[in-house]
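# Inside the fold
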Amino acid sequence: MASLVSIQQHAANSMIISSNFNSKISHSISAHSVTLKSSSPVKPLCAYATPNPKVYRNTRFVKKQRNPSSNEQEPKTGTGHSQNTNDPLRRNTQLESLDVNLLSLCKEGKVREAIEYMGQDASASAGYDVFSSLLDSCGNLKSIEMGKRVHELLRTSAFVKDVELNNKLIEMYGKCCNTRLARKVFDQLRKRNLSSWHLMISGYAANGQGADGLMLFEQMRKTGPHPDKETFLVVFAACASAEAVKEGFLYFEIMKNDYGIVPGIDHYIAIIKVLGSAGHLIEAEEFVERMPFEPTVEVWEALQNFAQIHGDVELQDRAEELLGDLDPSKAIVDKIPLPPRKKQSATNMLEEKNRVSDYRSTDLYRGEYEKMKGLNGQMREAGYVPDTRYVLHDIDEEAKEKALQYHSERLAIAYGLISTPPRMPLRIIKNLRICGDCHNAIKIMSKIVGRELIVRDNKRFHHFRDGKCSCGDYW
């Protein structure tokens, strides 16, 4: 089992963070120095130092000592000081050094170190850009635990009511597949702008909760701001997530007639996705033919992908031919054999408690495999049939079935089942697209173990619950 202690960069996945291991963890402040004052000059005493002595100084805690009896006066801050007291910290030059240090940590990918540094009572002084960068990083890393810590720090800062930062909170929780906390932030936000509604509806759509997104849009039409063309893009995404074809066409007409918005190519592609996700390929092709302008490459690519997913070979070949006429490079890629690409190692991250474990399909995990063997019998009784088409090696059927059990997402789930309390949801982050066999297997697992299994592959979120997936078997 590969256990990661500090931030590491993998070739095929985003940065992985873990903590609370029984091992040495490098501090964010890599060097400390102590200076002793006396009547005679002394040299600084170095407590310890590391090979890279880069010090992050917190200007908030540096306090100049002076003799009360002396006549030394503190320098005046000038007229700009009164302006800074009125503006909430965004332009406070006294905090510039602190902000730059924290921002440099975020840019270097040391998100956890930056959060620990802010936890030393520095959050009240951290600047707007620091919180913005931290929330973006937590969302990109899909780390719900670090995101919660940044949220707590934001509550004690001067930006607790800032609309844009609260929007970033909604976006971060949506990326970390926790729409409940995202909605809580949204409901507590007194002043919402158009982006607040867009991010919340989009978060519902991305997490397979399109019906909730459509309900929120209806609330927006009654009490919220006036929708624009971007609004209907996220609404159509929610329709595709919920396979709500009728609602999709209804909102398409409302957009044109009630709000006077002229549909663009993005809106037509969104409707194609609504039809394609529900399996209405004939209607999707007819919709393309009725478009008021010539279909673009993106239109035929979307139609080709849906034809491939639903097994319509004739439509797939026709879309490929038309796609090649518009963009010859697409046809060349399919026709000319390319040299074999370097094989990517499938990596999964399991976030449980306060640490993240790393699983690779090339490693053997006896405990996890034994757990999978025990589950395999129950899965077969529940109707699971291994789909060996997803094993590309030239081996016999029995070996292919065994190879499927070593897929990294299954090992990560098995470890989560044996190391976490019952009924606790598991969050798996996968750097590759989940295969069809694992998708079917995890649906059955969720029903057997009675847990919510959340898998994030490189396409979307999959919320497995009671034998069903939020993607509707489309991803």
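Keep in mind it's a predicted model, so treat the numbers as computed, not measured. Counting starts from 1 at the beginning of each chain's written sequence and moves along it residue by residue. With pLDDT at 70 or above as the cut-off, local features in this predicted model cover only qualifying residues; side-chain atom pairs require 80 or more to be listed or tallied, and sums for whole chains, interfaces and linings still use all residues. Excluded from the side-chain calculation are hydrogens and water; included are all heavy atoms of the structure.

### Remarks on the pattern of salt bridges
If charged atoms from side chains of opposite charge come close, those side chains can pair. We define a salt bridge as a side-chain nitrogen of Lys or Arg found within 4 Å of a carboxyl oxygen belonging to Asp or Glu. For the structure on display, the rule yields 14 salt bridges. For Glu-152, the salt bridge is made with Arg-155, and the minimal N-O distance between the two is 2.8 Å. Separated by three residues within a single helix, Glu-152 and Arg-155 lie in helix H5 (residues 144–155), roughly one turn from each other. For each residue, the accessible area found with a 1.4 Å probe, counting protein chains only, is set against the maximum for its type, and the residue is called buried under 20%, exposed over 50%, and partly exposed in between. For Glu-152, a relative accessible area of 45% puts it in the partly exposed group. By relative accessible area, which is 41% here, Arg-155 ends up partly exposed. Put simply, DSSP H or I for four residues or longer makes a helix, DSSP E for two residues or longer makes a strand, and each gets a number counted from the N terminus.

### Observations regarding the packing of helix H3 (residues 111–118) against helix H4 (residues 128–141)
Helix axes use the C-alpha atoms of the stretch in contact, all axes being lines fitted to C-alpha atoms, and the angles between their N-to-C directions lie in the range 0 to 180 degrees. At a closest axis distance of 10 Å, the pairing of H3 and H4 adopts a crossing angle of 140°. Comparing their axes, H4 and H3 come out oblique. Crossing handedness for the pair H3 and H4: left-handed. Of the residues in H4, those touching H3 at Val-111, Ala-114, Ile-115 and Met-118 are Val-130, Phe-131, Leu-134, Ser-137, Cys-138 and Leu-141. All amino acids are sorted into three groups, where Ala, Val, Leu, Ile, Met, Phe, Trp, Tyr, Cys and Pro are nonpolar, Asp, Glu, Lys and Arg are charged, and the leftover types, Gly among them, are polar. Residues that form the contact of H3 with H4 fall into these classes: nine nonpolar, one polar and no charged. With respect to orientation, any angle under 35 degrees is reported as roughly parallel, any angle over 145 as roughly antiparallel, any angle of 65 to 115 as roughly perpendicular, and every other angle as oblique. Left-handed describes a crossing in which the near helix is turned anticlockwise from the far one by less than a right angle; the clockwise case is right-handed. Contacts are residue-level and defined by heavy atoms, with any inter-residue pair within 4.5 Å sufficient.

### Here we look at the nonpolar core
In this text, buried Ala, Val, Leu, Ile, Met, Phe, Trp, Tyr and Cys residues form a nonpolar core when linked through side-chain atoms within 4.5 Å. Of all hydrophobic cores here, the largest spans 79 residues; its most connected members are Met-118, Phe-131, Leu-134, Tyr-173, Phe-232, Phe-236 and Tyr-251. Each residue touching Tyr-173, except ones within four places of it in the same chain, is listed here: Ile-144, Gly-147, Lys-148, His-151, Asn-178, Thr-179, Leu-181, Ala-182 and Val-185. Counting 22 residues, the second largest nonpolar core, distinct from the first, contains Tyr-384, Ala-412, Ile-428 and Phe-464.

### A closer look at the packing of helix H11 (residues 245–257) against helix H12 (residues 265–277)
Running from N to C, H11 and H12 cross one another at 165°; their axes reach a closest spacing of 9 Å. Relative to H12, the element H11 is oriented roughly antiparallel. Handedness of the H11/H12 crossing: left-handed. For the pair H11 and H12, the contacting residues are Val-245, Gly-248, Phe-249, Phe-252 and Met-255 in the first and His-267, Tyr-268, Ile-271, Val-274 and Leu-275 in the second.

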